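# Survey of secondary and tertiary structure
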Amino acid sequence: MRGLGLVFFAFFLVLATLLQVTTSHGEQPLSRIVVQNTELHLSENAYVKASPSILGLKGQNFEWVTLEYASPNPSIDDWIGVFSPADFSASTCTPDDGSKLAPPFLCTAPIKYQYANYSSPGYRKTGKGSLRLQLINQRSDFSSVLFSGGLSNPKLMAVSNKVAFTNPNAPVYPRLAQGKIWNEMTVTWTCGYGINEAEPFVEWGQKDGDRMHSLAGTLTFDRNSLCGAPARTVGWRDPGFIHTSFLKELWPNAVYTYKLGHKLFNGTYVWSQEYQFRASPYPGQSSVQRVVIFGDMGKDEADGSNEYNNYQRGSLNTTKQLSQDLKNIDIVFHIGDICYANGYLSQWDQFTAQVEPIASTVPYMVASGNHERDWPGTGSFYGNSDSGGECGVLAETMFYVPAENRANFWYSTDYGMLRFCRADTEHDWREATEQYKFIEHCLASVDRQKQPWLIFLAHRVLGYSFSTFYADEGSFEEPMGRESLQKLWQKYKVDIAIYGHAHNYERTCPIYQNICTSKEKSYYKGALNGTIHVAGGGGASLADFTPINTTWSYFKDHDYGFVKLTAFDHSNLLLEYKKSRDGKFYDSFKISRGYRDITVCTVDSCPSMTLAS
């Protein structure tokens, strides 16, 4: 035990150096662990015991584990860290390329942590406590470690027995997404089987119909694909293998069942549970179509660990509301800032597990935000380090989007009577750029007689926002945001533009060049003559509104929530804002119009003409 302790001590001294470059993102709870003053305080009277040690005996991918622990010198700052893989000794470590550090050093930060007195208020007096933590199946085993000294001066006291799922390599957490054509659905999932071990596929078909097998493509990456710390250092965790299968020639609105499969080379099969989804409607098809849109949801922990409840306390509420109302949701758009892993790769597994009830049932269309993409010198439009060194690799691999090039995260998708043009604000969108040309083509190519509802989506606010970080600088938007795009919104009569990034809800009037084109607030008939801009976040820390007043901001709410669009037919569209905490609607407006209202010319929406022409 003493020899193991000396190894741990050396590990943590190096981890201290590595973590000094990770503390700039205070919102990532794992970055709060600073260990430059770590000391070894192993004691025969300190222990951690985890039970049960075998998880998933009934095929579950979520299990609650009870930790019993004791310390001879308890403190209010004592905490438990959960590590995965369980064996984080020197023999498992590979220094990051370019690093002069050599083993022994600690390979990884914990995947979650909690204070020892969280559910044992008497711990400080008795020195004994217990925790119930939820673990998910994520391709390796787990061990729990008791520390004293708080997050800033950890002292390693005891290490638990190992805990593991019966099959840690099992296929888990499917996420659906629309393909590049309307009658194609993609299924992406994560597991521990590579293509040299098993053949990945999806078994699927209509209910009570014949079953088909569709093979899957496989992706993965190593730490050299990432751009900096902590993603390449203490935040690194093997991502496993990400498989995507394409289910083609679906019948509009038909219900299909599916399950994930791996055929091992010894001839046996490994299966997931069975799921189901409803295929997309044909573009232009007249049926009720319901779309949920939000940004910046992030992840939280059901067991209260990682203190996400102090930063993303709306996340679980949003997930819960959507999960409970899936029968009234057809497709979801999560427009950037997906899980705020910020370079701690284990958190992507945690997020895909959290949204599994939603993403396995309806298409879950993601977008890239600053916390997925931005990193200096990597081609992102903003040169900050918000991605924690991920530089887009995780978002581009963990989720499928129907982009021509997933490194450029812009794409269009049709859902019945709606066309969605999804921009990528982390790449240049200004006039004459590749993305600008894509945006114009997406807006111009839609047949408004068949798809009257044209929606623009982006992560950062490229239109209008009352949030302090925009308003106080006088821009009310991203710098250069609407400079070039508003003429496209106006020319092609974009109905609604929806953004994340501003962590609150806000809705504007129909607006063009800072002027409301209508004074109506809840029911718009005929031509809008301007685009309505909406911002909102599903779970991350709330942003304040400025006290400045403008005429164009019609509704503001300092709370977590999401937007729901309902297209009833080709002439009636409803937008509703729903709070995550109670599931009730707090703002709404309706648009009613005919095809002629779209074709009519408004300010700057038709080419200029003279008598000569």
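Just above sits the structure.
Rules used throughout
Residues numbered from 1 in each chain as written. Predicted model: local features only at pLDDT ≥ 70, side-chain atom pairs only at ≥ 80, totals over all residues. Heavy atoms only, no water. Helix = DSSP H or I, 4+ residues; strand = E, 2+ residues; numbered from the N terminus. Rg over C-alpha atoms; globule rule 2.2 N^0.38 Å. Contact = heavy atoms within 4.5 Å. Areas by Shrake-Rupley, 256 points an atom, 1.4 Å probe, with all protein chains shown as cover. Lys, Arg positive; Asp, Glu negative; His and termini not counted. Charge placed at Lys NZ, Arg CZ, Asp CG, Glu CD. Buried < 20%, exposed > 50% of the residue type's maximum accessible area, 1.4 Å probe, protein only. Disulfide = S-S within 2.5 Å. Polar contact = N/O pair within 3.5 Å; in protein donor to acceptor, adjacent residues only side chain to side chain. Pairing = 2+ DSSP bridges. Axes fitted to C-alpha atoms, helices over the stretch in contact; angles between N-to-C directions. Parallel < 35°, antiparallel > 145°, perpendicular 65-115°, else oblique. Nonpolar A, V, L, I, M, F, W, Y, C, P; charged D, E, K, R; others polar. Core = buried A, V, L, I, M, F, W, Y, C linked by side-chain atoms within 4.5 Å.

## Thoughts on the overall build of the protein chain
Secondary structure summary: the protein chain contains 11 helices and 33 strands in total. Relative to the compact-globule value of 25 Å for 613 residues, the protein chain shows a C-alpha radius of gyration of 25 Å, a close match. Across its three principal axes, the protein chain shows a C-alpha extent of roughly 95 × 60 × 45 Å. Sequence-distant contacts, at least 24 apart, represent 73% of the contacts inside the protein chain between residues at least 6 apart. Approximately 23100 Å² of the protein chain is accessible, and the part contributed by carbon and sulfur atoms is 51%. Positive and negative side-chain charges in the protein chain, numbering 55 and 62 respectively, have mean positions lying 4 Å apart.

## As for helix 10 (residues 481-491)
Of all 11 residues in helix 10, eight are buried, a share of seventy percent or more. Of all the residues in helix 10, the buried ones are Gly-481, Arg-482, Ser-484, Leu-485, Gln-486, Leu-488, Trp-489 and Gln-490. In the core, the buried residues of helix 10 are packed alongside helix 8 (434-444), strand 23 (453-458), strand 24 (496-499), strand 26 (511-512) and strand 29 (532-535). Of the residues flanking the end of helix 10, it is Lys-493, one or two places downstream, whose phi is positive at about 55°.

## Quick look at the state of the cysteines
Within the structure shown, the criterion is met by four disulfides. Two residues, Cys-227 and Cys-391, share a disulfide whose sulfurs are 2.1 Å apart. A torsion of 80° about the S-S bond marks the disulfide between Cys-227 and Cys-391 as right-handed. Taken as a pair, Cys-227 in the loop between strand 14 (212-219) and strand 15 (241-247) and Cys-391 in the loop between helix 6 (370-373) and helix 7 (393-398) lie far apart in primary sequence, 164 residues in all.

## Digging into the side chain of Thr-413
By the element assignment, Thr-413 lies in strand 21 (residues 411-415). You can call Thr-413 buried: its relative accessible area is 5%. For Thr-413, the side chain forms a polar contact with the side chain of Gln-178, separated by 2.4 Å.

## Quick word on the sheet that holds strand 12 (residues 185-191)
With antiparallel pairing, seven strands are arranged side by side in an open sheet as 11-12-15-14-13-16-17. Taken across any chain shown, the strands that pair with only one partner, and hence form the sheet edges, are strand 11 (172-178) and strand 17 (269-278). Taken pair by pair, the neighbouring strands of this sheet meet at an average axis angle of 25°, ignoring direction. Pairing analysis gives eight bridges linking strand 16 (residues 255-264) to strand 17, with the strands arranged antiparallel. Within strand 17, the residue paired with His-262 across the bridge is Val-270.

## Structural notes on the packing of helix 8 against helix 10
Direction vectors running N to C along helix 8 and helix 10 enclose 10°, while the axes themselves pass 10 Å from each other. Classified by the angle their axes make, helix 8 and helix 10 are roughly parallel. Along the contact surface, helix 8 presents Tyr-436, Ile-439, Glu-440 and Leu-443, while helix 10 presents Ser-484, Leu-485, Lys-487, Leu-488 and Lys-491. Classifying every residue of the contact of helix 8 with helix 10 by side-chain character gives five nonpolar, one polar and three charged.

## A short note on the side chain of Ser-580
As for its position among the elements, Ser-580 is in the loop between strand 32 (572-579) and strand 33 (585-592). Relative accessible area serves as the criterion here: at 1%, Ser-580 is assigned to the buried category. If near-sequence neighbours (up to four positions away) are discounted, Ser-580 is found in contact with Gly-314, Asn-317, Thr-318, Gln-321, Gly-538, Tyr-560, Gly-561 and Phe-562.

## Remarks on helix 4 (residues 346-354)
The element helix 4 is extensively covered by neighbouring structure, given that nine of its nine residues are classed as buried. Among all positions of helix 4, only Ser-346, Gln-347, Trp-348, Asp-349, Gln-350, Phe-351, Thr-352, Ala-353 and Gln-354 are buried.

## So, the nonpolar core
Where a protein is soluble and globular, its nonpolar side chains tend to be buried together. Membership of the largest hydrophobic core comes to 76 residues, with the highest contact counts inside it found for Phe-333, Tyr-364, Phe-420, Ile-498 and Leu-565. Setting aside residues up to four positions removed in sequence, Ile-498 forms contacts with Ile-293, Ile-335, Ile-455, Phe-456, Leu-457, Ala-458, Val-534, Val-563 and Leu-565. Grouped together as the second largest cluster of nonpolar side chains are 26 residues, Val-461, Leu-488, Val-494 and Ala-497 included.

## Some thoughts on unusual backbone geometry
The residue after Ser-51, namely Pro-52, is reached through a cis peptide bond having omega -5°. In this chain, Ser-84 is followed by Pro-85 through a cis amide linkage whose omega measures 5°. By the secondary structure assignment, Pro-85 is in the loop between strand 5 (79-83) and strand 6 (112-115). One non-glycine residue, Met-480, lies in the positive phi region at around 65°. Relative to the assigned elements, Met-480 resides in the loop between helix 9 (468-471) and helix 10. One non-glycine residue, His-501, lies in positive phi territory at about 70°. Summarising the element assignment, His-501 is placed in the loop between strand 24 and strand 25 (505-508).

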